[in-house]
Amino acid sequence: MGPANLPGRQLRVGIAGLGVASSQVLPVFGQDTPYVLAGGADNRAEARKAFKDAYHRPVFATVAELCAQHDVDAVWISTPNTLHAEHAICAARNGKHVICEKPMAVNLRECDRMIAAARKHGVQFLQGHSKIYQAPIKAIREVVASGRIGRVIQISAFNSNDWLQRPRLAPELDTTLGGGLVYRQGPHLVDIVRFIGGGMIESVRGVTGRADPHFDTEGHFNALLQFEGGAAASLTFNGYGYFDASELTWDIGESGMVQSKGRRFPGKPRLTGPADIQQKRAVAMQRAPATGAEVKRRQPFFGLTVVACERGMIRQSPDGIYVYTEDGREEMVSAKGHGREFELLELRDALAQGRDVFPDGTWGKATLEVCLAIMASSKDGRARRMRHQVPAP
Ligand SMILES: NC(=O)c1ccc[n+]([C@@H]2O[C@H](COP(=O)([O-])OP(=O)(O)OC[C@H]3O[C@@H](n4cnc5c(N)ncnc54)[C@H](O)[C@@H]3O)[C@@H](O)[C@H]2O)c1
């Protein structure tokens, strides 16, 4: 267990990388939450000033300085994908627990170094920003794991959004730097199906595509994942921004926000190239979930998730899940919550209880293995066997 054990007090969290992802995490910190914002780091002066003005917490120009602070227990890594390994290892060497954005890294060697650093320095590594934390996904897993309707046989996961039509920096559109739809959004669908199906993927066949001539990176993919034991999962993702899957999920989107018709893909000229950080941030802030009592939040969706078992089927309902059996349809209402607070609670609870976190680095690596296999398989049309899978608890 790490040096920053903390029964009885708040988990003190620093944020490394104060860009768009951090703007989704920062709102969950409050005075009375079991976790507290301890500081931030960004190499852009503008980002540091905005953070200081809004949160009045110490802010540093390098992640190393943040990691060296004595009053920081854990560092949330939300820097670009190519820096996750460097920054997670820096945090671990300084005795800080790590919560890392998805994808865990850009290759499996980096994952190994991150896992080894956390073990060597006795800190927890939590794979953050996973859809596993969503209450309905957990509820589906619980029904499957209970065995009540038999073994899982098929999982269908579908999403369609405007990932490639949101302003992106050039590296986010470069697959060699961990950009594109498979690296950036693949971990979400893969985590959902691995978690529900038990984690152990045996083989992967993928087809990816670059259908928007303005962007030389993946904008869509399909994949067939076969689990040990024979179950199969089919994944379909389209990120070109013509159709929002929330039309199929009672207008409820990724953050649990009920999408108004105008907010969903308003007619606008299509993007034809990378943006700068100001353009990216401006649009991200418009899209950010509003706060305030009047805002209606439901449970989060990430497209459609439909699970078939031997004696029934499961899918999400507006407030939980529907379980279909020979007795008809039953709705099980699940807890609400966007998700980012669940990562912080998981780390805090694991430390308080003296146990390891889930999902950890080995889970993040296994999910990245599947994403890399989707891209590799698409190049030569051959399936890939998986070698680094770990089971869901
Ligand atoms: N954009 C999203 O909606 C979103 C949502 C969730 C998670 N993520 C994940 O979060 C990560 C960051 O994505 P983003 O969209 O927020 O990118 P971003 O470019 O908006 O933010 C990254 C931040 O890191 C800073 N940075 C870059 N190099 C640094 C360094 N060496 N030291 C300190 N700071 C540095 C940048 O200045 C920037 O503020 C990615 O792993 C991504 O997959 C993105």
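All figures in this text were calculated on a predicted structure; none of them were measured in a lab. (Residues numbered from 1 in each chain as written. Predicted model: local features only at pLDDT ≥ 70, side-chain atom pairs only at ≥ 80, totals over all residues.)

### So, the overall build of the chain
Applied cut-off: Note on conventions: DSSP H or I runs of at least 4 residues are helices, E runs of at least 2 residues are strands, and numbering of each starts at the N terminus. Here the globule rule reads 2.2 Å times residues to the power 0.38, and the radius of gyration is calculated from C-alpha atoms. In this scheme every C-beta is placed from the backbone, and a residue whose C-beta has 20 or more other C-beta atoms within 10 Å is buried, one with 12 or fewer is exposed, and one in between is partly exposed. By the criterion used throughout, residues are in contact when their C-beta atoms, derived from the backbone, lie within 7 Å.
Tallying secondary structure elements over the chain gives ten helices and 15 strands in all. Relative to the compact-globule value of 21 Å for 393 residues, the chain shows a C-alpha radius of gyration of 20 Å, a close match. Dimensions of the chain, computed from the C-alpha atoms along their principal axes, are close to 55 × 50 × 50 Å. By the burial criterion, 45% of the 393 residues in the chain qualify as buried. When contacts within the chain are restricted to residue pairs at least 6 apart in sequence, those whose partners lie at least 24 apart make up 72%.

### Digging into the packing of helix α4 (residues 84–93) against helix α5 (residues 108–120)
As a reminder of what qualifies: The convention used is that axes are lines fitted to C-alpha atoms, helices contributing only their stretch in contact, and that angles between N-to-C directions extend from 0 to 180 degrees. Roughly parallel here means an angle under 35 degrees, roughly antiparallel means over 145, roughly perpendicular means 65 to 115, and every remaining angle is called oblique. Following the grouping adopted for this structure description, the nonpolar residues are Ala, Val, Leu, Ile, Met, Phe, Trp, Tyr, Cys and Pro, the charged ones are Asp, Glu, Lys and Arg, and the polar ones are all others, Gly among them.
Two numbers describe how α4 lies on α5: the axes approach to 9 Å, and their chain directions differ by 10°. Relative to α5, the element α4 lies roughly parallel. Between α4 and α5, the residues in contact are Ala85, Ala88, Ile89, Ala92 and Arg93 and Glu110, Arg113, Met114, Ala117 and Ala118, respectively. Partitioning the contact of α4 with α5 into residue classes produces seven nonpolar, no polar and three charged.

### A word on the domain arrangement of the chain
The test is simple: In this entry, domain limits derive from an automatic or database-based domain assignment.
Here the domain parsing of the chain yields domain 1 (11–123) and domain 2 (132–336 + 371–385). Put simply, the middle of domain 1 and the middle of domain 2, counted by C-alpha atoms, are 25 Å apart. The partner domain 2 presents eleven residues to the nine residues of domain 1 that form the contact. Of the residues contributing to the side of domain 1 that touches domain 2, the split by class is five nonpolar, three polar and one charged.

### Here we look at the site of the ligand
As a reminder of what qualifies: We count a residue as near a molecule or strand when its backbone-placed C-beta atom lies within 6 Å of that partner.
Taken together, 22 residues are adjacent to the ligand, and Gly17, Gly19, Val20, Ala21 and Glu101 come closest. With three residues, helix α1 (residues 20–25) is the single largest residue contributor to the shell around the ligand. Among the residues making up the shell around the ligand, the classes are represented as nine nonpolar, eight polar and five charged.

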